[in-house]
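# A look at the structure
If you want the building blocks of each chain, they are given just below.
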Amino acid sequence: MPGDITRRARARPREQDGVLSSDFRVHGTHGLRVADASVFPRIPGVFIVSAIYMIADKAADAILRG
């Protein structure tokens, strides 16, 4: 769907065409993480900003853990 901000960076294993690991690391890179709406498999409701804040918080925890 053109203009859709979701589904671009799937959090799946690389073997399943995933782009990110469960801790938001981009497969095949070093030190790069993605924490935005592209990690969602589909648009999570009408008010998407709450879901994006949740992803950002979870990513921050993953980054702080190492």
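Refer to the preceding data block for the structure.
Values in this document were obtained by computation on a predicted structure and should not be read as measured data. (Residues numbered from 1 in each chain as written. Predicted model: local features only at pLDDT ≥ 70, side-chain atom pairs only at ≥ 80, totals over all residues. Heavy atoms only, no water.)

Regarding its fold elements, the chain presents one helix and zero strands. Relative to the globule expectation of 11 Å for 66 residues, the C-alpha radius of gyration of the chain, 12 Å, shows essentially globular dimensions. Seen through its C-alpha atoms, the chain measures out along the principal axes to roughly 30 × 25 × 15 Å. When the 66 residues of the chain are sorted by exposure, 26% land in the buried category. (Helix = DSSP H or I, 4+ residues; strand = E, 2+ residues; numbered from the N terminus. Rg over C-alpha atoms; globule rule 2.2 N^0.38 Å. Buried < 20%, exposed > 50% of the residue type's maximum accessible area, 1.4 Å probe, protein only.)

With that out of the way, let us pick up helix 1 (residues 48–65). For helix 1, spanning 18 residues, the distance from its first C-alpha to its last is 26 Å, which sits close to the expected 26 Å at 1.5 Å a residue. Buried residues of helix 1: Ile48, Ala51, Ile55, Ala59 and Ala62, and no others. Axial view of helix 1: buried residues confined to an arc of 75 degrees, hence all on one face. Opposite the buried face of helix 1, at more than 90 degrees from it, the exposed residues are Tyr53, Asp57 and Leu64. Directly after helix 1, the chain includes Gly66, whose backbone phi takes a positive value near 105 degrees. (Expected span 1.5 Å × (residues − 1). Arc of directions from axis to C-beta.)

Geometric values such as these leave the question of function open.
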